[in-house]
Structure formats: C-alpha cells, structure tokens
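Next come the chains, spelled out residue by residue.
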Amino acid sequence: MEKQAQAEETLAVKSSGQNALKHAIKAAEMYMKAAEERPDKIDAARLRQKCQELIVFAEKLKARLAPTAGAAHSTPSRSVLPVSGTADILKQGSILHKCEFPPWDQDSPSIDFETELNNNQEFMCADPFLDDTGFTLSAAQLDNFAAWVKPAELFETGPACHPQSYEDAMMQTSDDSDLVQDITTDCSVVASLSAAYNVLVGKHAVLSSIFHPFDHSKGRPRLSATGKYVIKLNFNGCARRVTIDDRLPSSRTDRALFVVDRHNPYLLWPALLEKAYLKVRGGYDFPGSNSGTDLWVLIGWIPEQIFLQKEDADINNIWKRIKSAYQSRDVVITLGTGRISADEEKVMGLIGEHDYAVEDIDSSGGIKRLLVKNPWCDGPAMMTTGWPVPQQSCSDLSSCSVSADSKWPNHPGSSSRLWFSIEDVAQHFESMYLNWNPSLFSHRRDHHFSWSVPPNIYRSSLSKNPQFSVMASNGGTIWVLVSRHFVDAELDIARSRRDSMAAVACRLGFMSILVFENSGHKVQISGGEFYRGPYVDSPQTLARLDAQSQQSYTIVIDQHELPLPQYSFTMSLFSNSPLSFSEAAETMSHISEHNGAWTRRTAGGHSSYATFFQNPQYCLTITNATPVSILLSADIDDVHVHVDVVWAKGDRVAVLRMKDLVASSGEYRRGCAEVNISMLEPGIYTLVCSTFDAGQLARFVLRVASMTPARVTPVLPDAAGRLVTNIPRLRLAEGDMRYRASINASWLTKASVSVQSATLALPGTNMRPPSSLMLRVSVILGWGPEQVPIAVSGETEFQDPSITIRTPQFDMEPERIQRLGLWILIESMGSHNSGLAIDGEILSDSPVRIGKWEFA
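Residues numbered from 1 in each chain as written. Predicted model: local features only at pLDDT ≥ 70, side-chain atom pairs only at ≥ 80, totals over all residues. Heavy atoms only, no water.

- The name that an unreviewed UniProt entry assigns to the protein is Calpain catalytic domain-containing protein, with the source organism given as Epichloe bromicola.

**A few points about the overall build of the protein**
(1) Moving on: Counting its secondary structure elements, the protein contains 19 helices and 48 strands.
(2) Moving on: Sorting the 856 residues of the protein into buried and exposed places 55% on the buried side.
(3) Moving on: If you take every contact in the protein between residues at least 6 apart in sequence, the share linking residues at least 24 apart comes to 80%.
(4) Moving on: Counting every atom, the protein has about 37,700 Å² of accessible surface; 50% of that belongs to carbon and sulfur. (Helix = DSSP H or I, 4+ residues; strand = E, 2+ residues; numbered from the N terminus. Buried < 20%, exposed > 50% of the residue type's maximum accessible area, 1.4 Å probe, protein only. Contact = heavy atoms within 4.5 Å. Areas by Shrake-Rupley, 256 points an atom, 1.4 Å probe, with all protein chains shown as cover.)

**A word on the UniProt feature "active site" (unreviewed entry) in the protein**
(1) Moving on: Cross-referencing UniProt, the feature "active site" (unreviewed entry) maps to Cys187, His354 and Asn374 in the present numbering. These annotated residues cover 188 residues of sequence, and their C-alpha atoms all fall within 8.7 Å of one another, placing them together at a single site.
(2) Moving on: Relative to the helices and strands, Cys187 is located in helix H9 (residues 187-195).
(3) Moving on: Relative to the elements of secondary structure, Asn374 occurs in the loop between strand E15 (369-373) and strand E16 (387-388). (UniProt positions renumbered as here; feature names shortened; annotations may be inferred.)

**Observations concerning empty space enclosed by the protein**
(1) Moving on: Counted under the stated rule, the structure contains two cavities of 30 Å³ or more.
(2) Moving on: Taken as a whole, the second largest cavity encloses approximately 90 Å³ of empty space.
(3) Moving on: Around the second largest cavity, the lining comprises 16 residues; the ones closest to its centre are Phe235, Asn236, Gly237, Trp296 and Ser483.
(4) Moving on: In terms of residue class, the lining of the second largest cavity is built from five nonpolar, eight polar and three charged. (1 Å grid on protein atoms, 1.4 Å probe; cavity = no way out; pocket = protein on both sides within 12 Å on 5 of 7 lines; lining within 4 Å. Points joined across faces, edges and corners; volume = space filled by probe spheres on them. Nonpolar A, V, L, I, M, F, W, Y, C, P; charged D, E, K, R; others polar.)

**Focus: the nonpolar core**
(1) Moving on: Leu200 and Trp269 are the most contacted members of the largest nonpolar core, which has 66 residues in total.
(2) Moving on: Leaving out residues up to four positions away in the same chain, Trp269 has contacts with Met170, Met171, Gln172, Thr173, Tyr197, Leu200, Val201, Leu207, Phe211 and Pro221.
(3) Moving on: In this structure, Trp296, Trp319, Met348 and Tyr356 belong to the second largest nonpolar core, which totals 34 residues. (Core = buried A, V, L, I, M, F, W, Y, C linked by side-chain atoms within 4.5 Å.)

**Quick look at the sheet that holds strand E25 (residues 553-560)**
(1) Moving on: Ordered by their spatial adjacency, five strands build an open sheet running E23-E22-E25-E20-E27, and the pairing between neighbours is antiparallel. The open sheet has two edge strands, strand E23 (531-532) and strand E27 (579-583), and neither has a second partner.
(2) Moving on: Pairing of strand E22 (residues 510-516) with E23 involves two bridges; the strand directions are antiparallel. The residue of E23 that forms the bridge with Val515 is Tyr531. (Pairing = 2+ DSSP bridges.)

**Regarding the confidence of the model for the protein**
(1) Moving on: For the protein, per-residue confidence averages 85 on the pLDDT scale, and 85% of positions sit at 70 or higher.
(2) Moving on: The model gives residues 765-769 a pLDDT under 50, and that stretch makes 10 contacts with residues more than four places away or in other chains. (pLDDT = per-residue confidence, 0-100.)

**Re the sheet that holds strand E9 (residues 238-245)**
(1) Moving on: One open sheet accounts for three strands, arranged E5-E8-E9; its pairing is antiparallel. Each edge of the sheet is formed by a strand with only one pairing partner; in this case those strands are strand E5 (211-212) and E9.
(2) Moving on: The sheet contact formed by strand E8 (residues 228-235) and E9 spans eight bridges and is antiparallel. Bridge pairing links Asn234 to Ala239 in E9.
(3) Moving on: Along the sheet, helix H12 (residues 269-281) contacts E5, E8 and E9; its crossing angle with E9, the most-contacted strand, is approximately 115°. (Axes fitted to C-alpha atoms, helices over the stretch in contact; angles between N-to-C directions.)

**Considerations on the side chain of Ser577**
(1) Moving on: Along the chain, Ser577 turns up in the loop between strand E26 (566-575) and E27.
(2) Moving on: For Ser577, a relative accessible area of 2% translates into the label buried.
(3) Moving on: Of note is the side chain of Ser577, whose polar atom sits 2.8 Å from the backbone nitrogen of Asn474.
(4) Moving on: Among residues more than four places away in sequence, those in contact with Ser577 are Ser442, His443, Ala472, Ser473, Asn474 and Gly475. (Polar contact = N/O pair within 3.5 Å; in protein donor to acceptor, adjacent residues only side chain to side chain.)

**Some words on the packing of aromatic side chains**
(1) Moving on: Tallied over the full model, the rule gives 27 aromatic pairs.
(2) Moving on: Each ring, one from Tyr356 and one from Phe429, has its centre 5.4 Å from the other, and the planes form 80°; the classification is edge-to-face. Placement of Tyr356 in strand E14 (residues 355-362) and of Phe429 in the loop between helix H16 (422-428) and strand E18 (431-436) is noted, with a sequence separation of 73 residues between them. Each member of the pair, Tyr356 as well as Phe429, carries the same accessibility label: buried.
(3) Moving on: The rings of Phe449, Trp451, Phe468, Tyr567, Phe569 and Phe581 are connected pair by pair, giving a single aromatic cluster.
(4) Moving on: Sitting above the plane of the Phe129 ring, Lys228 keeps its charged end 5.3 Å from the centroid.
(5) Moving on: When the ring centre of Phe613 is taken as origin, the NZ or CZ atom of Arg806, which lies over that ring, is 4.4 Å away. (Phe/Tyr/Trp six-rings, centres within 6.5 Å; stacked < 30°, edge-to-face > 60°. Lys NZ or Arg CZ within 6 Å of the ring centre and 35° of its normal.)

**Re the pattern of salt bridges**
(1) Moving on: Applying the stated criterion across every chain yields a total of 35 salt bridges.
(2) Moving on: Between Arg220 and Asp168 there is a salt bridge whose closest N-O contact spans 2.4 Å. Of this pair, Arg220 sits in strand E7 (residues 220-221) while Asp168 sits in helix H8 (residues 164-170), and the two are 52 residues apart along the sequence.
(3) Moving on: On the basis of relative accessible area, Arg220 is assigned to the buried category, the value being 12%.
(4) Moving on: Judged by relative accessible area, Asp168 falls into the partly exposed class, the value being 24%.
(5) Moving on: In this structure, the salt-bridge partner of Arg321 is Glu304, at a minimum N-O distance of 2.9 Å. With Arg321 in helix H14 (residues 315-327) and Glu304 in strand E12 (residues 302-307), this pair connects stretches of sequence that are 17 residues apart. Residue Arg321 shares its accessibility class with Glu304, and that shared class is buried.
(6) Moving on: Ionic contacts of the salt-bridge type, sharing partners, join the residues Asp178, Arg262, Glu359, Lys373 and Arg417 into one network. (Salt bridge = Lys/Arg side-chain N within 4 Å of Asp/Glu carboxyl O.)

Okay, here's the thing in structure tokens:
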C-alpha cells in the first residue's frame, strides 16, 4: 500500500490543477490505510505524518484552484516547471518538498514585521503564525518526540507574552556559546553554526542580514510577536526567502531534538536557523551533508573543500592561506572525517563521517594549531595528540526568572574541544572545508543553466557537457564555483540509504571542473586541461584559477554517475577584474553524428590483428578543403578505442599501410578518441573505428565536424550483398608445403579469399593438437615461370591461421583465366600435428567455381 501511495504522491507533484489535487487526496488516503495496517508504532506514526503532509498539500492546491475576484479561472503553481531559461530555472528551484521558497525580496521582511512594534518599539502580543509545513522525523526522533511546541511552553517561561528578560536569554549573542547536537543527525549544520558563530554575530554580523526580525540597535535577533520568522538562505541559484514559525520539536525524554547551547539552555535563534535550513533540506530526518555546503546555504560564503589525505596536499600552504584570513574573519573553517573503523574511533576518540568545527587557530610557540570542537553533545573525548581547553563558565542568566541550571536540556560533560597541530589535522581528518567571504572579490557573475546528463555513449567524452568561455580583462585570480540545485529526487535517494553516508554520496554521483587554455572554444575530450578538479560528492565544487590578462579559458563541467536525467546548476564567478563570460563556441560549423557498435562479427581489434578489416568503417567524402575533427566515443569506459583516417577511396581497409594513413587518434585511449586535422584535402577517405583487443563489444558514436559539408556513410561488410562460396577443407601434411586449387568465373567479378585453421581434436580425446604453423595465401594468375601474384595476404608475410587470413580484393577476368589459369595458393611453414585443417571462403560479386586441392 505504501508503494502505491508513493506513486500517487509522485503523480501529484508532477501534475497540475485538478489532476494534482486528485492524486494528492488519493495518496493521503493510501498513506492512512498503510498506517492502519502497520503493527509497528513508529512506522505507523511515520505514515500518518505522510498522510498529514498530503492533506496540507491538497488544501494548498484547493486554495490555488479557487476562482479569484475578477477572473474566471486561476492557474495553480506547478511543482515541476519546464526549464527554458534563467527565469524558469530559478522558478523551478523555488519548489522543494511541496514548499515554496521564492527569491529574496529585500523589502519584504520589514513589511512582515512592521506591525509587531508599537510606537515605543516594545514587544507586544499578536495573533500567532503557524507554518503548515510537515517536518519529517526519523524513527529514532519519533521515539523521543512529544509535540511541536512554542518557546514559552518549551522553556516553561510562563505567559504567552514573554517578558524582556526571556528575549534577552533567547536572542543573546554572547561570545560564550557551546552549541551541540543530540539526536538530530545534522552534525554538519551544528558544526557550521559553531564555526561561523563569530562571523554571524561578530565582525561581519552576517546574522543581521539573514535573520528577521532583527534588533539592529542591540545587534541581535528579536523575538517575533507572532512567532513568524523569515530567514534569507542561499540555495538553488539565489538568495531565497524561508518562512518558519517558532514551534520546535519537544522531547518526552532527556534527548534534545534540535540544536542547544549548553551555556544557555534558552538560546532560541540557532534552533530557528537550524529549522529553516532543515525545512530546505527536507526535515529533521536529515540524511546528512557537509559543512561547506551548509555554510554556503546559511551565510552565502564560498565553499572550498581540501582533501587532506591527497599526496599533493601542502599543509604549509594551507596554513599560510587560512592564517591571515581567519584572523580577519574572512574564512570559516570546519573539518570532516572519512570512514573510520570502530577500533580507530575508540583509540582516537573521533567519529567516522562526522563534521567538526574549528573555533580558533594559533601559532604561538612555533606550533601551528587549530581548536577543534565536536558538535555532538555525547561525543567521545578526543584522544589524539593535542592540548585540552579548560571548560568555559556558563553564561550569566541572572536576568531570567528561571535559573540557568534548569533541568532541560541536561547534557553533562565537557564541550569536546581540543587543540590539534596542523600536522595532526592532516593525519586524522579527511577534508578541510573553507568558506570564504565573497566580499574579498570586487566582481561576481552568476549564470544559471540546466543539463540533461548525456547517455552512456558519451560518458567518456566532453562533447555534451556544459562548456563556457571566461576571460578576466586584467588577469589575476578567478574563482569558479559550480553549485548543483537541490531536488526532491536526490533527497529520496539519500533517505533510502541502508549503509554509510559515503555509500549514499556515491549513489548521488560526483562532479568536477576542468579548465582548458582553448581560447574559449569547445573541447571534446579530457587530457589537455591545465586544471582538473577533484570529483566531489558535494553539491558544490570550486576551481581557483590564476588567469592571464585577455586570455580566454574554456571551463567544462564534468560528472560521474549522476543518477538523475536532468539537473540545474548555478556557476558563480568571483574575481577582482572585470569578467567576460559566454557559452563556449563550436570550432566547426558542420557536425554529424553516427551510431555504431563493435559486435561479435565486427570487433576486429587493432591493425596487427588479421581481423582488423572486420571493424566498423565509414566512407568520408570531402568536396572542399576543410579542417576536420573526428570524435569516437564508446559506452564502456574500460574499452580502449582508436580511429584511423585512411586514403582508401571509401573502400573497406583490410590492411593498414602507413603510406595510406592520413591521420589517426594516436595511442588507444580509454572510452574515447579524437582526430584533429588542420586541413583535409578534397577526396574520399575511409574511417576505421577499432578497439585495442579483438572481440571487445561496445556501442559507440562517431562525431564528424568540419567547416564545409562532409558526407559520412557506412562501408558495408565484405559479405554484404556478395556471394559466399566455401572452399573445400584442406588437410595439411607435415612439413613446409604448398597447395593450390583452381578458381574461375563466367563473368568479370571482384573477389577476395579468406582462410582460417579448423583444428580437429586428437583421436579419442577432447584435446586439440598444438601448432606453430604459419600460412600465406596468394591468388596467382598463370603457372610456372610466367605466374603473376595478383593478391597476397599479410603484405606477403606469413601469418597465424588461428586468426582469419585474408587477401585484398582482386579482379577475376574470364578471358585471362581461360588463357592463363587462376589459382589459390596456400603455403605452410612450421610444425603441426595431423589434426590441423584449413577452411575458407571466397566473397565475390558473381558466382565462382573452385577446383580440388593439389600439391603445388
């Protein structure tokens, strides 16, 4: 029943109007039935909550469908919108989890709260605001959950109209803060809030621009008379308005369901910031993130991820970069661990796949060290080499009528702070997340775009990837940030996890930035880039470039295993020089694409194989001299591929002669290969597409680009439309021998001969006899001193008959055959056993006749 309800819910989201309402109502009914059928109370509670969410969604749809004054019909907003431009991309990004997050309007918060203050600017009562969003909880959270309650009840502060002393406690911005998480799995969020605390309330006072209502005279958030709060968060392409009420999830146990300050149990605004963020990310059953992403959303500072375990990680350079920036409060630093075994957790006191805050840095005494905090309230004491920090004293809440030793929340123990040397940080943590103040740059440009992830056949090439041209007029540093927009489908994938966060991240895919010095033109394959970023599982990735003045660069977005068919992105460029930006330009004006495959019949391998002629081949016709670019891309990464351009008049190439080779893609390359010809003269050429090993099967696409029209057609296999005449089986005698058989035809015809060994099992066994036999096949006109070879296999070299040996095509002229005779000649060299035979065939345009084998 739950699966049926989920299917109806999906249809409700994708539909509009009455259809969406119908599916929403049906989904709600099915969730309720599923809840009634579940014996597990926690599971049933989860399904009832889903039912309630669908009811709220249906009510919203009803309101949208109701006719408005002066109009016959009103069109409801759609949760899925076509992406046709910047406006549509931003509009599509406004809908998440059935909630709307419109782009930020600078004037709207002041309008929201201007009625909350009287003439004396004093706090006054007002009708309460209730957000109808259904916040989801995990099974563990539901097991502790009591109800959604307002601060007055949650903190047992008495009357609904709070005294000023409670506002002082709930909205204070004291430096003495110790924010911790408990049962909510948002360590990255709490680590972010802890690390950014001095940025939020200190030098830059970021909180004043993102939290509403805000008391600017006191430099702190203000209690809302209605319980309504508007938070400005940065995601899905722009700053967006996130509206919440002040209700928080209360616990019926001693476990906290939201972020708390152990020095001030009444502090409210961090929990409201957390609630706003979790509304964007799908609920309190948060499947996880990283603090770099969280801080990008919370404060809009540029995220950079440094992989500390990489061999090229330069900790001295890292320290040099962060030291002065941290002192000026222009960078926020957090740390993340990777997967850690249970034994390692016990020995080091660190938690695997967990984020930590850096609350200070210091280099006194010649030791470069960072003050690291574990945001988990019940986290283990960190045992790695470091220096402990004395426990700080609690805040003075003497102005509150309820004492600071209130029974809730009660989390004993230290704040889990420890000084680490930069060397220990590099040893014990996997990632360092740096969030940089965007005000460090004087110029910024945002570009929003959508990308339909190309099919696997293009997976190894870049031809279908987003590509852009960037130039800084005065040169200097350019930071390129690519941010993937949040979508519901990714949340569904994350919530379906049954294993570690690392495994979930792998299922969400990876992305990277590649930069080429290519004058802003499009590129087709990787390998020539001067910058290649790591493939990260984060929704953001950053490239830092040192640009030359007036130099255009090509920026390419790449991906690996992104699971959804389409995504929206925002590329943000930061610099201290004016920027020129556009989509990368195609270098060629005429492009054609042709699908093909290496099959069991056509996977001939590289040119040393006798089966090379079987490879897929194409006739390329050029009528005017033109530069040409040819891309060959396979749908399997581990197949090494190659393309040759041969002067062969569009005929099938049997043997690759260097004198006929016009151009090639060089060494065989994994997944894709490219040929670039600066100028190709008019003519008819043959393109040969091959894999390194014979028998490798894959699909491919051949992309031919030129400045003048070029015609590309498949070269048919030799057997296509031709007659096949089997050659009588030849049993070879021992020693070096020569055999011949006559052939003739009644009409002028083209033909070719191919032979291959047919090894017979030894008598009474299933074993095949070993052989070192080598053969050469010739077609001879005449016999004796006057004989003339007209076609010879292997460029006259002897070859292994275990692989097909083939002659070039030759002409059979009946008059000359009657006068001189025409023979197939097989010459053997080497040793073999009596179980070896030779089979073969003649491909021809007209019927041919073959005589019996005889010694020559």
